[in-house]
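# Examining the three-dimensional arrangement
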Amino acid sequence: MSQPAPVLLTSLLRDVSRSFYLTLRVLPGSVRPQIGLAYLLARTTDTIADTGLVPVADRQRALEQLRERILGKTTTRLDFNAFLSAQSTSPNAPATAAEKVLLGRVEEALQVLAAQPAADRELIRTVLETITNGQQLDLQRFGTATAGRLVALETSAELEEYTYLVAGCVGEFWSRMCRRHVFPADALDEAVLLALGIRYGKGLQLVNILRDLPRDLREGRCYLPGEQLRAGRLTPEDLLDPSRENALRPIYQPWLLRAQEYLSAGWKYTNLVPWRCLRV
């Protein structure tokens, strides 16, 4: 593999990844650049999706353009000036400055991607295609949501799909990359490894959803399924009313238990990884 741009995968990665950068430094060197690059590109797509000062249609278009470049379907240079300006004037911060640099260096990140060995490049492309699908779906569902106009996912299947698209697929990608470079010849059930990696990733995302429920509601997004809320005679707006907590518990608690179940896959996953791979 060609030597990656050092600033991209060191100081810039540190500035935009917070705790993940510390985790990344522990990983074996054979997978660290690929996983770091995938993370940087995912943070780029996430920054585009979350730049609320840019109209939803423009965010959708920019995500599609970036995905086409990541997948190697076009070589048209990307123009994210609108997003750079929005990052400069955004009241949300502390990561805004780093994310502005990230957007400005997207072409450099794409060059690093193009330099990867073919098999690694395809793994990175596959996970980013899945993640951007999830981000675009999120914009379609919640793009018009506001604090005064709450929008909920409709079914449990939609919530399960979302947790896979934005996190479960990362467990799958991580597992395939480690299998290829770190323990390619070890006798283990690869299908089980991938399934556990997916469940663990989904569990981590489900924890985020349950933890961030109040904040998401205040921004107009409800990830708890509307069909379950209606069955409990609740609306998304009711979830902001502390007096309705007891009515919410029968809906919230099963999802909390499911998150716990999915997180338990992390321990099973850890025990399936060959014992000598302490860094993994």
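Not measured: the values here are computed from a predicted model.

### A look at the overall build of the protein
Counting its regular elements, the protein contains 13 helices and 2 strands. Here the C-alpha radius of gyration of the protein, 20 Å, is about what a compact globule of 280 residues would show, namely 19 Å. Dimensions along the principal axes, computed over C-alpha positions, put the protein at roughly 55 × 50 × 30 Å. Restricting to contacts in the protein with at least 6 residues of sequence separation, those with at least 24 account for 74%. Within the structure as shown, the protein displays about 13,900 Å² of accessible surface, and the carbon and sulfur contribution to it stands at 54%.

### Remarks on the pattern of salt bridges
Pairs can form between side chains of opposite charge whenever their charged atoms are close. Counted by the stated rule, this structure contains 23 salt bridges. As a salt-bridge pair, Arg211 and Asp212 come within 3.0 Å of each other at their nearest N and O atoms. For Arg244, the salt bridge is made with Asp238, and the minimal N-O distance between the two is 3.6 Å. Of the residues examined, Arg244 reaches a relative accessible area of 26% and is grouped as partly exposed. Of the residues examined, Asp238 reaches a relative accessible area of 19% and is grouped as buried. It is possible to trace a salt-bridge network through shared partners that takes in Arg141, Glu158 and Glu161.

### Topic: the side chain of Arg121
Along the chain, Arg121 turns up in helix 8 (residues 118-142). In this structure, Arg121 is buried with no salt-bridge partner, the nearest side chain bearing the opposite charge being Glu122 at 4.5 Å. Beyond its immediate sequence surroundings of up to four residues, Arg121 is in contact with Leu113, Ala114 and Gln116.

### Topic: the side chain of Asp120
Here Asp120 is to be found in helix 8. The contacts of Asp120, once residues within four sequence positions are left out, are Gln34, Met177, Arg180 and His181.

### A short note on the confidence of the model for the protein
Residues of the protein with pLDDT of at least 70 account for 94%, and the chain-wide mean is 91. Scored below 50 in pLDDT, residues 91-95 shows 1 contact in the model against residues more than four places distant or in partner chains.

### Quick notes on the packing of aromatic side chains
Counted under the stated rule, the structure contains 4 aromatic pairs. Between Phe80 and Phe83 the ring centres are 5.9 Å apart and the planes differ by 80 degrees, which places this aromatic pair in the edge-to-face class. Taken as a pair, Phe80 and Phe83 share a single burial class, namely buried. Ring pairs connect the aromatic residues Phe142, Tyr162 and Tyr223, which therefore count as one cluster.

### Points about empty space enclosed by the protein
One simple way to see leftover space: roll a probe sized like a water molecule over the atoms. Enumeration over the complete set of coordinates arrives at 1 cavity of 30 Å³ or more. Approximately 30 Å³ is the volume attributed to the largest cavity. Contributing to the lining of the largest cavity are Leu8, Leu40, Leu41, Thr44, Leu102, Arg105, Val106 and Ala109. Put simply, the parts of the chain that give the lining of the largest cavity at least two residues each are helix 3 (32-50) and helix 7 (106-114). Examining the composition of the lining of the largest cavity, we find that 3 residues originate from one element, helix 3, more than from any other.

### Some points on the nonpolar core
Counting 57 residues, the largest nonpolar core has Ile35 and Phe80 as its most contacted members. With 9 residues, the top contributor of residues to this core is helix 3. With residues near it in sequence (within four places) discarded, Phe80 still touches Ile48, Ala62, Leu66, Leu103 and Val106. Counting 24 residues, the second-largest nonpolar core is a separate cluster that includes Leu210, Cys222, Tyr223 and Leu224.

The rules behind each value
- Residues numbered from 1 in each chain as written.
- Predicted model: local features only at pLDDT ≥ 70, side-chain atom pairs only at ≥ 80, totals over all residues.
- Heavy atoms only, no water.
- Helix = DSSP H or I, 4+ residues; strand = E, 2+ residues; numbered from the N terminus.
- Rg over C-alpha atoms; globule rule 2.2 N^0.38 Å.
- Contact = heavy atoms within 4.5 Å.
- Areas by Shrake-Rupley, 256 points an atom, 1.4 Å probe, with all protein chains shown as cover.
- Salt bridge = Lys/Arg side-chain N within 4 Å of Asp/Glu carboxyl O.
- Buried < 20%, exposed > 50% of the residue type's maximum accessible area, 1.4 Å probe, protein only.
- Lys, Arg positive; Asp, Glu negative; His and termini not counted.
- pLDDT = per-residue confidence, 0-100.
- Phe/Tyr/Trp six-rings, centres within 6.5 Å; stacked < 30°, edge-to-face > 60°.
- 1 Å grid on protein atoms, 1.4 Å probe; cavity = no way out; pocket = protein on both sides within 12 Å on 5 of 7 lines; lining within 4 Å.
- Points joined across faces, edges and corners; volume = space filled by probe spheres on them.
- Core = buried A, V, L, I, M, F, W, Y, C linked by side-chain atoms within 4.5 Å.

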